[in-house]
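The primary structure of each chain is shown beneath.
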Amino acid sequence: MTPAHAVSVDFSEGVDRKVLRRITDRFCTLNQLRLDRARSALTWRQQVVLDLLPLVFHLNHPALPGYHATDCPRGLDRYQPSDQAMHAAQRLARSFRFSAGKKGAAELTGLYLMGSPGSLGHSVASDLDVWVCHRGDLPPERVAALNEKAERLTRWAADYGLELNLFVFSAEDFRQGRQQAEVTTENCGSAQHYLLLDEFYRTAIHLGGRYPLWWLIPVEEEARYDELTRFLQDNRFIRPDEYLDFGAVPSVPVTEFLGAGVWQLYKGIDSPWKSLLKLLLIECYARDRDNGLLSGDFKRAVYHGETSVDAVDPYVMLYRRLERWLTAMDAPQRLDLVRRALYLKTGLPLTRAGETASRWQGRILRELVSEWGWQRETLSELDARHQWRVELVMELRRRVVSELTHSYRLLSYMARSDNVRASISKADLDLLGRKLYAVFQRKAGKVEIINPGIAPSLAEENLSFCQRTTSARQLTSDGWLLFRNLESLADIVWQSPIRRAGSLVELVVWCQCNGLLSPATRINLRQEYQEPDAPAPALTVKGLRAMTAFIGQHLGVPEPPSREALMAPVRPDTHLLLVNVGVDPLARLTERGLHKLSGQHDSLGFSGGRDNLVATIEQVTINSWREISLQRYVTGDALVQCLKNLLALVARDPAHPPVVKVWCAGGSHATAISRRIRELVEDVTRQFFAGGTGPHPLRYLLKVDQRWFVLRFDGLEPGFIGLASDQELMGYLARPQEEYTPVVPDRYALQQDPAFRAVCNACQPDVIQMFWQRGNGRLRFWVTDETGSLYGWSQPWSGSRRQSLLPLMRFLENLTERRQLRQMAGAESPVAGLICTEVIVEAGEARLERTPLAPESLSLDGMELQAVGVQQGDGSLRFDLYCDEQEFSLAEYGDRQMAAVAHYVRQLRRSGEDYPVYLTDLHLPHDLDPQMWQQELQTCQYLWYRQQLQQALNRELGLA
């Protein structure tokens, strides 16, 4: 620029159109210099995008990029294509010829490039943010067409290696705060308005259309902005198609600081250096309100005749403001971080003179660095960013995150102290808050991402995973250490580890998430045991590489979450289950030569000893917010604990169950173990959440080694109970249920008892089912009642099918008959029917056959034996017994009751034969549970008391 004098505009004495033109010319001259600098930062091939943008919006020509529909808004006010634009268009379409079109048909009012282009802060990684302004009276469908054209141009620019962000709106809507934009990766939504306008006015490069009207209002008159702009327009000092009004920005309201701070934190996740500078500027604005805004400084400099484009460079001005403020606050550490952030934001390596010698940015940066007094060592360290080690990145990340959160907390505190309601919408605040929570919040088991845009790559050439523990037989170790270039374990003494962790999986996942592992990384495994006779380690380098490949395949380097994912509650997407890492579950069998002594192939009940081959599980979870977490199951019932937690996560969103991938450490049984766990997870999930709903009420029966486990839900909370024997299992399954809860056996459970398995699978709701099986001189019975409670027992086979079955059938029919009578009296519960079924096992397979009995066959010859429960004062339950019409009350007989009944039965048996006695009817009090009244007792409760009484009577008869 040539030297210029200060320009003064005095509205009180009238306005000189020549003065207004001089002001516009000064801004336009600066604008052209910045545009030239912006073009120079692009490659020759990329410059075509910048050159063509005004032309393609002006014409909407089918031969040019972005063409969309014939009625797409077009025509850019006051636009005449430059030679560069014409040459660029003809390179793309040789037959292209420019036609001015109809005069006065312009529907687009302005095109502006804003942000870092043309400034010191522009780097090869910078994107191009362009405001596309249209007339305020365009109908919504035409605005939609313009947005579609913008999306097409964004895709076109991507082919040239440029990230082009086009923001379509009208100046009227912006001025009135009527924008409907939502927060996205590039759009701040409602997070900021005046701060955005401040940035626009000091960084915008006019590409076409009208000039900002803000140029013509002196800084000192900013408070009268609306009045003066109306004066200029009403008195026709300016033409309607010459200037565009975005509004004034005399100051930033306190209500905007909090939302803007959250937005910059959000941006800082991926661009820490730029966001650090901007967040500190927001803090500076909030705490140093007397010194105005940078946009005002920029306009004042132009009015005063500033001739150096370097002096009004947006990033130079930003730095100067922060430098003055932090120096006054005596904050040298923060100022040093600001300088480093500015240097790294430019991306210019000053130690490599060949890359910066001819660039204007290098000249400005060298002048600044000289002021700062930086030594060659500091520059060399910063210029070697692509070679930064993880330790340096972790330290820098700590400083950056500390600074970002410090500024945000201060802004948040100021908002609370002034009782200010943030201008950001609740939806946008929630969205940004979730993103920040996902990245910065520390949680137990969460894998920390240490390189959010700080270094280009942290990939290592050689990594060693080292373990030192007392015994190879331990399921847990003294910990794992990560080293680079470790020759032997002896070097641990003097070499510092990159990281420590409680498990190998944790270290590998951390390396994968933070990019330390690449396809070219050589990995080594170092393990040392203090026991001299310890066996060889269970994990090998080959196994480690296989595990690393598995984790890398499914994990990769985490991508940022989408807007849609952040708007929804967090849910798990993928679970990686890594089994038996560093553990050999067959070690004990191998030592005794017991690898296989039976036909048991189930990995949860292997060999004759039914050994569980799942010793440890380490669960890596990737959720919808792209958080990575690790949970270990290394002691106790590892598999069942893991299964319970997986079910709890599915219960939050049954319609979208997470994907589960399983990997098992080496060994001959690794594939079988992986398949078994994968099948188990699929089976359990399918049962509890069939149809994408649930959890459904059921009891999932699983056998692990010698024990039974029953999985079930209490509301949305899964739980399990362990049972040591078959007898304990039957006692548990017979317990009363609040609702129909069937028993669902695992695919490997009850394989040795196909009859019982068939009974479980045949359960039906609201039906009493009686199953029986004959074999080996005994009769097995199972009864499943109306809620799925299952009661089973066996008794000697009497030789007569009728005599064996009819007592139980008569007993169950009596219960059903009483329920029918109560329902007739108005009870709401449906009457459960009775189904009798025989279980027949042939060749290891069970089949069911209905046992038909005519109604008259239920009339049982012989003695009727009834019991009536009486609640005692001490809370216990005793019974009065009736043999035919003979009463044996507890009050009369006391402890001799059972003996008296047995004596009476013997007298009735003329043949003198001994055979069991069976109850044909039983009455229980409705206050069986002293804490509640039960209108309907479950069938299984009657069966349990019946069995206890029968056993007591048969003992008296000498038949037990």
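Use the structure listed above.
Residues numbered from 1 in each chain as written. Predicted model: local features only at pLDDT ≥ 70, side-chain atom pairs only at ≥ 80, totals over all residues. Heavy atoms only, no water.

Student: So what exactly am I meant to see when it comes to the pairing of strand β17 (residues 717–723) here?
Tutor: Strand residues, when the strand is regular, have side chains that alternate between the two faces of the sheet. Examined bridge by bridge, strand β16 (residues 707–714) and β17 share seven bridges and lie antiparallel to one another. Note that in β17 the partner of W708 across the bridge is L723. Hairpin geometry of β16 and β17 is characterised by an intervening segment of two residues between the two adjacent antiparallel strands and by a positive phi of about 70 degrees at G715. (Pairing = 2+ DSSP bridges. Helix = DSSP H or I, 4+ residues; strand = E, 2+ residues; numbered from the N terminus.)

Student: Before we go on, may I ask you to explain the pattern of salt bridges in this structure?
Tutor: Side chains bearing opposite charge may pair, as long as their charged atoms lie close to each other. Tallied over the entire structure, the rule returns 50 salt bridges. Between D637 and R707 there is a salt bridge, with its nearest N and O atoms 2.3 Å apart. Here D637, found in the loop between β13 (628–633) and α22 (638–652), pairs with R707, found in strand β16; they are 70 residues apart in sequence, far enough to count as distant. Residue D637 is classed as partly exposed on the basis of its relative accessible area of 22%. (Salt bridge = Lys/Arg side-chain N within 4 Å of Asp/Glu carboxyl O. Buried < 20%, exposed > 50% of the residue type's maximum accessible area, 1.4 Å probe, protein only.)

Student: Explain a negative patch on the surface to me, please; I cannot follow it from the model alone.
Tutor: On the surface, a cluster of negative charge is contributed by D714, E717, E738 and E739. Relative to the helices and strands, E738 is located in the loop between α24 (726–733) and β18 (743–745). For E738, a relative accessible area of 86% translates into the label exposed. (Patch = residues over 30% accessible without salt bridge, like charges linked within 9 Å, V, L, I, M, F, W, Y side chains within 5 Å. Areas by Shrake-Rupley, 256 points an atom, 1.4 Å probe, with all protein chains shown as cover. Lys, Arg positive; Asp, Glu negative; His and termini not counted. Charge placed at Lys NZ, Arg CZ, Asp CG, Glu CD.)

Student: Mind showing me how you'd approach the sheet that holds β17 here?
Tutor: Note: strands within a sheet are paired through backbone hydrogen bonds, in either parallel or antiparallel orientation. Spatially, four strands are ordered β17-β16-β15-β18 in an open sheet, and the strand pairing comes out mixed. This sheet does not close on itself; its edge strands, each paired only once, are β17 and β18. Direction aside, the axes of adjacent strands within the sheet are offset by 30 degrees on average. Direction of pairing for strand β15 (residues 699–704) relative to β16: antiparallel, over a ladder of five bridges. By the bridge assignment for β16, Y700 is matched with L711. Strands β15, β16, β17 and β18 of the sheet are contacted by α24, whose axis makes an angle of about 20 degrees with β16. (Axes fitted to C-alpha atoms, helices over the stretch in contact; angles between N-to-C directions. Contact = heavy atoms within 4.5 Å.)

Student: So what exactly am I meant to see when it comes to the nonpolar core here?
Tutor: Soluble globular proteins: nonpolar side chains tend toward being buried together. The biggest cluster of nonpolar side chains holds 143 residues, and the ones touching the most others in it are W131, F246, F465, M547 and L578. It is helix α9 (residues 272–287) that contributes the most residues to this core, 10 residues altogether. Once you skip the residues sitting within four places of it in the chain, L578 turns out to touch V505, M547, F550, I551, T616, I617, E618, V620 and W663. Residues L805, L806, L808 and L812 belong to the second largest nonpolar core, which totals 43 residues. (Core = buried A, V, L, I, M, F, W, Y, C linked by side-chain atoms within 4.5 Å.)

Student: Help me understand unusual backbone geometry in this model?
Tutor: Working note: non-glycine residues mostly have negative phi, and peptide bonds are mostly trans. G694 connects to P695 through a cis peptide bond whose omega is 10 degrees. As for its position among the elements, P695 is in the loop between α23 (670–688) and β15. Non-glycine residue N60 carries a positive phi angle of around 55 degrees. With respect to the helices, strands and loops of the structure, N60 is situated in the loop between α2 (47–59) and α3 (83–92). Accessibility expressed as a relative area gives 5% for N60, which makes it buried. With a phi angle near 60 degrees, N580 is a residue other than glycine that sits in the positive phi range. With respect to the helices, strands and loops of the structure, N580 is situated in the loop between β11 (572–579) and α21 (587–592).

Student: Would you mind going over the packing of aromatic side chains with me for this structure?
Tutor: Remark: the centre distance and the inter-plane angle together describe each pair of aromatic rings, the angle taken between the planes. Considering all chains together, one arrives at 30 aromatic pairs under this definition. On the numbers, 5.1 Å between centres and 75 degrees between planes, the contact of W131 with F169 is edge-to-face. Highlighted residues: W131 in strand β2 (residues 128–134) and F169 in strand β3 (residues 164–169), separated in sequence by 38 residues. When its relative accessible area of 3% is taken as the criterion, W131 is described as buried. Three or more aromatic residues joined by ring pairs form one cluster here, namely Y112, W131, F169, F174, F200, Y201, W214 and F246. (Phe/Tyr/Trp six-rings, centres within 6.5 Å; stacked < 30°, edge-to-face > 60°.)

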